[in-house]
Amino acid sequence: MTAPVPVMIMRGGTSKGAYFRAGDLPADPDERDRLLLAIMGSPDPRQIDGIGGGHPLTSKVAVVSRSEDPEADVDYLFLQVQVDKPIVGAEQPCGNILAGVGPFAIERGLVEARDQETPVRVRMVNTGALAVVTVPTPGGRVRYTGDTALSGVPGTAARLEVEFRDTAGSVAPGLLPTGRVRDDLDGVPATLIDNGMPVVLVDADDLGVSGYESPARLEANGELRRRVEGLRLIAGKLMGLGDVGATTVPKMCLVAAPAHGGALSTRMFIPHRVHASIGVLAAVSVGTAAAVPGSICFLQDRPETIRLEHPSGFYDVVIDVGTAGDRITVGRSAIVSTARLLLDGQVFPREDTHDD
């Protein structure tokens, strides 16, 4: 049997993933990725022979190590393991899985816990950006129970605060990579933005839908999916990302007026499935767009906390945007999240982790 690998399975925000110490995985990226495909059970729509959950939101990996960056405590590499293809992507970070990096780092002894709460400074290897995950640690131990609710997650858990720093242009070349607040994508007005995640925002009505449909209904609309993907390919080149046909960024967000008391309704393509809620960093980018005058979804009288509606409920983001002439600057970008340790043990990957 192949040697077991230490792993923690954690829910971070509205995603679930396998968390590893970097030293427990091969240093060679190709060898590491082959091993992770075997561990997660890809390629297979059910991931029946691995620990993945058969969906992009449950086929995620965090690789964590002590950081040599004086501004950070740990380095966090996010890897998206595709479910039905033998592909491991590292093009982007994941803010949901990031929420679990703080507790994981403390549990694995990479960061020493303080009494009451412990800030864990995280360098996101995918982009080089920094985040601070503040973890409740009464008595020097991670507390997972609490009364904070997240839409799309059953029950409640302890509150985690995640603040993002210097995320503008994390993947694309700049907050507004084209230098414009609005662009034309084959006749469809759009805002192309990257404040932690490259996102393309279009009005749902411009694509012939309301923006209130369920993910399943949107995914069943083949014509819509082809149109969305076509626009994404155009946007990828405009954003300086090149041919994005085989990558998972940029994301496509359909926006509409709020329907349930929030500030904005969203439906996020990630990129070929529709998110059951909305990713953390995608929410930060969408919230930032809502604060940029002239954008597709600009909120003239926006509240301090921007509540984004999504198929499972809502997500709250706090964004500070300043404008001076044509220059737009982003100050604080933060979200409230939760995480929970689900399993701490060893995983036994398949034997066939190497090519013949």
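Look above for the structure.
Residues numbered from 1 in each chain as written. Predicted model: local features only at pLDDT ≥ 70, side-chain atom pairs only at ≥ 80, totals over all residues. Heavy atoms only, no water.

A. Representation of the side chain of Gln82. Here Gln82 is to be found in the loop between β4 (74–81) and β5 (88–89). Overall, the relative accessible area of 19% leaves Gln82 in the buried class. The contact partners of Gln82, leaving out residues within four places of it in the chain, are Ser42, Gln47 and Ile87. (Helix = DSSP H or I, 4+ residues; strand = E, 2+ residues; numbered from the N terminus. Buried < 20%, exposed > 50% of the residue type's maximum accessible area, 1.4 Å probe, protein only. Contact = heavy atoms within 4.5 Å.)

B. Up close: the nonpolar core. In terms of nonpolar packing, the biggest core is built from 66 residues, with Val74, Tyr76, Leu98, Phe164, Val199, Leu201 and Val286 touching the most fellow members. Among the elements that take part in this core, helix α5 (residues 280–290) stands out by supplying eight residues, more than any other. With residues near it in sequence (within four places) discarded, Val74 still touches Val64, Ser65, Arg66, Ser67, Val101, Ala105, Leu110, Val111, Val120, Arg121, Val122 and Arg123. In this structure, Leu192, Val200, Leu224 and Leu254 belong to the second largest nonpolar core, which totals 20 residues. (Core = buried A, V, L, I, M, F, W, Y, C linked by side-chain atoms within 4.5 Å.)

C. The pairing of strand β17 (residues 313–324), seen in detail. Summarising the sheet, strand β16 (residues 305–310) and β17 pair through six bridges and their orientation is antiparallel. Its bridge partner being in β17, Arg307 is matched across the sheet by Asp316. Direction of pairing for β17 relative to strand β18 (residues 327–337): antiparallel, over a ladder of seven bridges. Bridge assignment links Val317 to a residue of β18, and that residue is Ile335. Between the antiparallel neighbours β17 and β18 lie two residues, among them Gly325 with a positive phi of about 65°. (Pairing = 2+ DSSP bridges.)

D. Spatial organisation of the layout of surface pockets. What the largest pocket holds in volume is close to 640 Å³. Around the largest pocket sit 35 residues that line it, and Pro56, Thr248, Ile270, Pro271 and His272 are the ones nearest its centre. Elements that contribute at least two residues to the lining of the largest pocket include exactly β4, α2 (95–107) and α5. In the lining of the largest pocket, the residues fall into 17 nonpolar, 12 polar and six charged. (1 Å grid on protein atoms, 1.4 Å probe; cavity = no way out; pocket = protein on both sides within 12 Å on 5 of 7 lines; lining within 4 Å. Points joined across faces, edges and corners; volume = space filled by probe spheres on them. Nonpolar A, V, L, I, M, F, W, Y, C, P; charged D, E, K, R; others polar.)

E. Fine view of helix α1 (residues 29–40). Taking 1.5 Å of rise per residue, the 12 residues of α1 would be expected to cover 16 Å, and the 16 Å separating its terminal C-alpha atoms lies within 8% of that figure. Here α1 has its buried residues at Arg32, Asp33, Leu35, Leu36, Leu37, Ala38, Ile39 and Met40. In this structure, the buried residues of α1 make contact with β1 (5–12), β2 (15–21), β3 (60–66), β4, β5 and β19 (339–347). Between the side-chain oxygen at the start of α1 and the backbone nitrogen of Asp30 there is a gap of 3.2 Å, and the oxygen is on Asp28. At the C-terminal side of α1, Gly41 shows a positive phi close to 90°. (Expected span 1.5 Å × (residues − 1). Polar contact = N/O pair within 3.5 Å; in protein donor to acceptor, adjacent residues only side chain to side chain.)

F. Just the packing of aromatic side chains, in detail. Under the defined criterion, the tally for this structure stands at one aromatic pair. Residues Tyr19 and Phe104 carry aromatic rings whose centres are separated by 5.7 Å and whose planes lie at 40° to one another, so their mutual orientation is tilted. One end of the pair, Tyr19, is in strand β2; the other, Phe104, is in helix α2, and 85 residues separate them in sequence. As far as the burial class goes, Tyr19 and Phe104 line up, both buried. Geometry around Phe314 places Arg307 over its ring, the cationic atom sitting 3.6 Å from the centre. (Phe/Tyr/Trp six-rings, centres within 6.5 Å; stacked < 30°, edge-to-face > 60°. Lys NZ or Arg CZ within 6 Å of the ring centre and 35° of its normal.)

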